[in-house]
Amino acid sequence: QVQLVESGGGLVQAGGSLRLSCAASGLTFSTYNMGWFRQTPGKEREFVAAIGWSSSSTHYADSVKGRFTIARDNAKNMVYLRLNNLKPEDTAVYYCAADRRGYISIDWGMYTYWGQGTQVTVSS
């Protein structure tokens, strides 16, 4: 079955960096667009970044543009999210997701497969 497993979260001070990883299995990874979303208690899941199946297209939420970078390695079935210059408001559970649509979607409801999430906590 399809599995997406995130890792790399943790506690970091404001201004610090993290790299999140998502390992995919059970799907033809190179045919899926991949997205990162985040969620805090009581709030709706929020789009962070997405990358097309060939890495030719990327899209970022305005709140993370210039600080976060999404990348993928189709040979390793991996997608990454580099988080730089972290702020306390970036604190959330971060999820990776897979979607086979012909375009990148920022709507979490359009993604088919989800990981279990990894916690990122940024202290001030």
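Residues numbered from 1 in each chain as written. Predicted model: local features only at pLDDT ≥ 70, side-chain atom pairs only at ≥ 80, totals over all residues. Heavy atoms only, no water.

(A) Region of the structure containing the overall build of the protein. A tally of helices and strands in the protein yields zero helices and eleven strands. For the protein, the C-alpha radius of gyration of 13 Å lies close to 14 Å, the compact-globule estimate for 124 residues. Across its three principal directions, the C-alpha atoms of the protein cover 40 × 30 × 25 Å. Considering only contacts within the protein whose residues lie at least 6 apart along the sequence, 59% involve residues at least 24 apart. For the protein, the accessible area works out to roughly 6200 Å², and carbon and sulfur atoms hold 48% of it. (Helix = DSSP H or I, 4+ residues; strand = E, 2+ residues; numbered from the N terminus. Rg over C-alpha atoms; globule rule 2.2 N^0.38 Å. Contact = heavy atoms within 4.5 Å. Areas by Shrake-Rupley, 256 points an atom, 1.4 Å probe, with all protein chains shown as cover.)

(B) Focus on the packing of aromatic side chains. Summed over all chains, the structure comprises six aromatic pairs. Seen in terms of ring centroids, Phe37 and Phe47 are 5.6 Å apart; in terms of plane orientation they differ by 75°. Their pairing is edge-to-face. Pair noted here: Phe37 is in strand 4 (residues 33–39) and Phe47 is in strand 5 (residues 46–51), with a separation of ten residues, a long-range link. Of the residues examined, Phe37 reaches a relative accessible area of 0% and is grouped as buried. The class of Phe47 is buried, set by a relative accessible area of 10%. Each ring, one from Phe37 and one from Tyr111, has its centre 5.1 Å from the other, and the planes form 75°; the classification is edge-to-face. With a gap of 74 residues between them, Phe37 in strand 4 and Tyr111 in the loop between strand 9 (92–99) and strand 10 (113–114) connect regions that are remote in the sequence. (Phe/Tyr/Trp six-rings, centres within 6.5 Å; stacked < 30°, edge-to-face > 60°. Buried < 20%, exposed > 50% of the residue type's maximum accessible area, 1.4 Å probe, protein only.)

(C) Local environment of the sheet that holds strand 3 (residues 18–25). What the four strands build is an open sheet, ordered 1-3-8-7; its pairing is antiparallel. Each end of this open sheet is capped by a strand with a single partner; those strands are strand 1 (3–7) and strand 7 (68–73). Mean inter-strand twist for the sheet, computed between neighbouring axes without regard to direction, equals 15°. (Pairing = 2+ DSSP bridges. Axes fitted to C-alpha atoms, helices over the stretch in contact; angles between N-to-C directions.)

(D) Main features of the pairing of strand 11 (residues 118–123). In strand 11, alternate side chains face the same way, and those of Thr118, Val120 and Val122 are buried while those of Gln119, Thr121 and Ser123 on the opposite face are not. Of the pairings in the sheet, the one linking strand 9 to strand 11 comprises three bridges and is antiparallel in character. Residue Ala92 lies in a different strand from strand 11, and its bridge partner there is Val120.

(E) Here's a closer look at the nonpolar core. The biggest cluster of nonpolar side chains holds 34 residues, and the ones touching the most others in it are Trp36, Leu81 and Tyr94. Counting residues per element, the ones that place at least two in this core are strand 3, strand 4, strand 5, strand 7, strand 8 (78–83), strand 9 and strand 11. Dropping the residues within four chain positions of it, Tyr94 is found in contact with Glu6, Leu20, Trp36, Phe37, Arg38, Val48, Phe68, Leu81, Leu83, Gly117, Thr118 and Val120. (Core = buried A, V, L, I, M, F, W, Y, C linked by side-chain atoms within 4.5 Å.)

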